[in-house]
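Architecture at a glance
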Amino acid sequence: MLEELAELRRFHFLLGRLVVRELKVRYVNSVFGFVWSIVPPLLQVIVFTFLFRSVLHNPCRNYSAYVLCGLIPWTFLNSSTMDAGQSLIENYLVIRKVYIPREVIPLSVVIANFIHFALAWALYFTAFFGVARLIGIDLPVKPTLLYFPLITLVLVCFTVGLSLWVSALSMFYDDVRFILQTVFQLGFFIVPVVVPADLFRYTRLAQHHPGLYTLYMLNPITSVIDAYRKTILEPVPLGSFQMKGAPVELNWTLFAGAAGIAVFTLVGGYAYFNSRKWLFVERG
Amino acid sequence: MPGSSSQPNPDAVVVEHLSKTFHIRHMKSLKRAMFGRGTAPTTPLLALDDVSFRIPHGQTVAVVGRNGSGKSTLLGIIARVYKPSKGSAAVFGPDSRRPRIAPLLALGAGFHRDLTGLENIEFYGAILGLTPREINEKRPQILAFAELEEKADTVIRGWNDGARLRLGFAIAVHTDPDLLLVDEVLAVGDESFQNKCYRLIDELQAAGKTILFVTHDLTVAERTAGRVLWINAGKLVMDGSPAEVLTAYRQSSEEPAP
């Protein structure tokens, strides 16, 4: 694996070009270009805020700040994995004809998505901790914000690992794409993207089987979203989301477990990718 | 591993007892992969069977043979796209540097249709291992050779096959390759461009570059190559001077000599 990493380093310039290509090509035929990476999530936030505030009468203030803590990492994971799954197939002609370390292709897709992810967070902080103050909404800046890079690192490990796994599998089985689509569609509601993870803690199922909650939180994406929310924002007020108990403190032990699984996904994904990469061009 | 060396080697390409078996798997879904293990039929296909040869630096070698004889597989293994099943294929540069292999991609396989010619030069150059500075230096030469200066900043989508081929060829030969691999793509360009390519190949030959090309056009093999390899059903049938090998090949395929 070390040999493979050295080879990857040798091709870092190609990786950079691939990222630029990925970013350029995505919006090249659209009139509004880069705006398309901002407008859909913005509309999502508006719809969800309306739904929870006005339809479900949720008393949680600044709901949009909470929901974005879920939407931003979720979108990064979802698009990276789906794009990476197609990336090798799209570049099949290249890898069939010329030698390049094949992992640069899914990696470039993840990096391009990471740039959108970073941009989204930059807008998030500008809006909620800058502009919001001007119009009288005061969100306190918490010292736990310092954990932000650590949480992001865990998310990146998980995303890269999953993307490598998915892209390698997609070369052999077309089913992977359909399975993933379904998993992400349902995952959106199971993983605490639009609601707090604490809600699951207070379900009757999790009350009777506390092990299920542990399992739930060991999913890296769940833990990452939960950790972002609890380190950036104040706990949600009592009674919001019709929660049957007080907001739960961030459990670092569970987060460490999820981080371990994320690292395992990365190492395992890279190993699997390397074990299969010579067979990509030989599929019958 | 192929493609790396610590000291200069007198040969540019060393192929030893090279065999390649493809396993054509007839399973495409997870269901069959999970529950059908062992029952999924795989057909082994012996694409190359114990092939050995050496190409000294500066030689131009043509590979001839019928369709499906294993020519492209051979080039693919030398380009490090496939891994050998048995034996080895190694490429060496004239000095101890890492050798630069430039495979000529069929019709610019590495191009993206939604990028401009210039953007594609940058990208394609990076695939072939050029540094940003080298790409900047070579860009005018590449565009001039491909006769695409006017089109350079337009999107490739609208280009014809010939223009794309010209750009691909121009980039590949301007990467200053130690070994140029050409898999019968030159037939697409128009005659004046083809002539230009052959002149350039002459120049590359004069500059001491090693060239390995696959062709069905025996007159091209006769004119350009100093040596011909004839491959049939994965086996190296004959290896020798163009006159000798091509005569035998023509006889076997009952093709009248021109």
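Description of the structure in this document. (Residues numbered from 1 in each chain as written. Chains lettered and ligands numbered in written order. Predicted model: local features only at pLDDT ≥ 70, side-chain atom pairs only at ≥ 80, totals over all residues. Heavy atoms only, no water.)

1. A few points about the overall build of chain B
The criterion, for reference: Secondary structure elements follow DSSP: runs of H or I of four or more residues count as helices, runs of E of two or more count as strands, with numbering from the N terminus. Throughout this description, buried means an accessible area under 20% of the type-specific maximum (1.4 Å probe, protein chains only), exposed means over 50%, and partly exposed covers the range between. Any two residues having at least one pair of non-hydrogen atoms within 4.5 Å are treated as being in contact. Exposure was quantified through the Shrake-Rupley algorithm and a 1.4 Å probe, taking into account, for residues, occlusion by the shown protein chains and nothing else.
Each helix and strand in chain B was counted, giving eight helices and nine strands. Out of the 258 residues in chain B, the part that is buried amounts to 53%. When contacts within chain B are restricted to residue pairs at least 6 apart in sequence, those whose partners lie at least 24 apart make up 72%. Summing over all exposed atoms, chain B offers an accessible surface of approximately 11800 Å²; the carbon and sulfur share of this is 51%.

2. Quick look at the overall build of chain A
Regarding its fold elements, chain A presents 13 helices and zero strands. In chain A, the succession of α and β elements from N to C terminus is α-α-α-α-α-α-α-α-α-α-α-α-α. Each principal axis of the C-alpha distribution contributes one length, and for chain A these read about 60 × 50 × 35 Å. Counting over 284 residues, chain A shows a buried share of 50%. Taking contacts inside chain A between residues at least 6 apart in sequence as the whole, the part at least 24 apart equals 81%.

3. Quick word on the pairing of strand β7 (residues 210-214) of chain B
Residues and elements named next belong to chain B. Selection rule: Any two strands between which DSSP finds at least two bridges are classified as paired.
Counting buried residues along β7, five of its five residues qualify, which places the element largely inside the surrounding structure. Burial along β7 is two-sided: Thr210, Leu212 and Val214 and Ile211 and Phe213, pointing in opposite directions, are all buried. Relative to β7, strand β3 (residues 60-64) runs parallel, the two sharing four bridges. Across the sheet, the residue bridging to threonine 60 is isoleucine 211, located in β7.

4. Here we look at the packing of helix α2 (residues 12-26) of chain A against helix α3 (residues 117-127) of chain B
Put simply, the test is: In this analysis an axis means a line fitted to C-alpha atoms, helices contributing only their contacting stretch, and an angle means the value between N-to-C directions, from 0 to 180 degrees. Crossing chirality is assigned from the near helix's rotation relative to the far helix, an anticlockwise turn below a right angle marking it left-handed and a clockwise turn marking it right-handed.
Between α2 of chain A and α3 of chain B, the shortest axis-to-axis distance is 9 Å and the interhelical angle comes to 145°. Note that α2 of chain A runs across α3 of chain B; the crossing there is left-handed. The residues of α3 of chain B that touch α2 of chain A, namely those facing Phe13, Leu14, Arg17, Leu18, Arg21 and Lys24 of chain A, are Glu119, Glu122, Phe123, Ala126 and Ile127 of chain B.

5. A short note on the sheet that holds strand β5 (residues 101-104) of chain B
Strand pairing in a sheet relies on backbone hydrogen bonds. The paired strands run either parallel or antiparallel. Residue and element names in this part refer to chain B. Taken in spatial order, the six strands of this open sheet run β5-β6-β7-β3-β8-β9, and their pairing is mixed. At either end of the open sheet lies a strand with only one pairing partner, and these are β5 and β9 (235-240). If you compare each strand with its neighbour and ignore which way they point, the axes differ by 15° on average. Summarising the sheet, β3 and strand β8 (residues 227-232) pair through four bridges and their orientation is parallel.

6. Concerning the side chain of threonine 73 of chain B
Residues and elements named next belong to chain B. With respect to the helices, strands and loops of the structure, threonine 73 is situated in helix α2 (residues 71-78). In this structure threonine 73 comes out as buried when scored by relative accessible area, which is 11%. Ignoring anything within four residues of it in the chain, the contact list for threonine 73 reads Lys20, Phe22, Ala47, Leu48 and Tyr82.

7. A closer look at the pattern of salt bridges
The criterion, for reference: Salt bridges, as used here, are contacts in which a Lys or Arg side-chain nitrogen is within 4 Å of a carboxyl oxygen on Asp or Glu.
Scanning the entire structure with this criterion turns up 19 salt bridges over all chains. For glutamate 122 of chain B, the salt bridge goes to arginine 17 of chain A, with nearest N and O atoms at 2.1 Å. Linking glutamate 122 of chain B in helix α3 with arginine 17 of chain A in helix α2, this pair reaches from one chain into another. Classification of glutamate 122 of chain B as partly exposed rests on a relative accessible area of 22%. The residue aspartate 11 of chain B makes a salt bridge to arginine 54 of chain B at a minimum N-O spacing of 2.9 Å. Taken as a pair, aspartate 11 of chain B in strand β1 (residues 11-25) and arginine 54 of chain B in strand β2 (residues 42-56) lie far apart in primary sequence, 43 residues in all.

8. Remarks on the interface of chain B and chain A
Condition: Buried area: the sum, over both parts, of the accessible surface (1.4 Å probe) that disappears when the two are put together. Pairs of N or O atoms within 3.5 Å make up the polar contacts considered here, provided that, within protein, one atom can donate a hydrogen while the other can accept it, and that residues adjacent in sequence are counted only when both atoms are side-chain atoms.
Taken together, the contacts link 34 residues of chain B with 32 residues of chain A. Both faces combined, the contact of chain B with chain A buries some 3200 Å², and carbon together with sulfur accounts for 61% of it. The interface formed by chain B and chain A includes three salt bridges. Across the pair glutamate 119 of chain B and lysine 24 of chain A runs a salt bridge, and its minimum N-O distance is 2.8 Å. For the pair chain B and chain A, the number of links is four residue pairs in polar contact (both at pLDDT 80 or more). Every element with two or more residues in the side of chain B that touches chain A is listed here: β1, α1 (30-35), α3 and α4 (132-146) of chain B. A per-element tally of the side of chain B that touches chain A places α3 of chain B first, with five residues.

9. Brief notes about the packing of aromatic side chains
All names here are of chain A. We count it as follows: Think of it this way: a Phe, Tyr or Trp ring, Trp meaning its six-membered ring, pairs with another when their centres are within 6.5 Å, and the plane angle makes it stacked under 30 degrees, edge-to-face over 60, tilted otherwise.
In this structure the tally under the stated criterion is 30 aromatic pairs over all chains. Seen from their ring centres, phenylalanine 114 and phenylalanine 117 are 5.4 Å apart, and the 35° between their planes marks the pair as tilted. With phenylalanine 114 and phenylalanine 117 both in helix α6 (residues 104-134) and three residues apart, this pair spans about one turn of that helix. On the basis of relative accessible area, phenylalanine 117 is assigned to the buried category, the value being 4%. Here tyrosine 124 and phenylalanine 128 contribute two aromatic rings whose centre-to-centre distance is 4.9 Å and whose plane-to-plane angle is 55°, an arrangement assigned as tilted. Residue tyrosine 124 and its partner phenylalanine 128 are both found in helix α6; the two are separated by four residues, about one turn of the helix. Each member of the pair, tyrosine 124 as well as phenylalanine 128, is classed as buried.

10. Observations concerning a nonpolar patch on the surface
Residue and element names in this part refer to chain A. Cut-off, in case you're wondering: Nonpolar side chains (Val, Leu, Ile, Met, Phe, Trp, Tyr) within 5 Å and like charges within 9 Å form the patches, drawn only from residues with over 30% relative accessible area and no salt bridge.
Together, Met1, Leu2, Leu5, Val263 and Val267 make up a nonpolar patch on the protein surface, roughly 480 Å² of accessible area in all. For the nonpolar patch, the secondary structure elements donating two or more residues are α1 (2-10) and α13 (252-276). With respect to the helices, strands and loops of the structure, leucine 2 is situated in helix α1. Residue classification places leucine 2 among the exposed positions, given a relative accessible area of 71%.

11. A look at the environment of arginine 139 of chain B
Residue and element names in this part refer to chain B. Examined against the element boundaries, arginine 139 turns out to sit in helix α4. Note: C-alpha distance between arginine 139 and valine 155 (16 residues apart in sequence) is 17 Å. Apart from residues no more than four positions distant in its own chain, arginine 139 is found in contact with Leu118, Ile121 and Glu122. In terms of polar contacts, arginine 139 uses its side chain to reach the side chain of asparagine 136, at 3.1 Å.

12. Quick word on the environment of serine 87 of chain A
Along the chain, serine 87 of chain A falls in helix α4 (residues 63-90). Residue contacts for serine 87 of chain A: discarding those within four places in its chain leaves Ile105, Pro106 and Val109 of chain A.

13. Topic: α4 of chain A
Cut-off, in case you're wondering: Multiply 1.5 Å by the residue count of a helix minus one, and that product is the helix's expected span.
Under the 1.5 Å per step criterion, the end-to-end length of α4 of chain A is 39 Å for 28 residues, consistent within 8% with the ideal 40 Å. The element α4 of chain A is extensively covered by neighbouring structure, given that 20 of its 28 residues are classed as buried.

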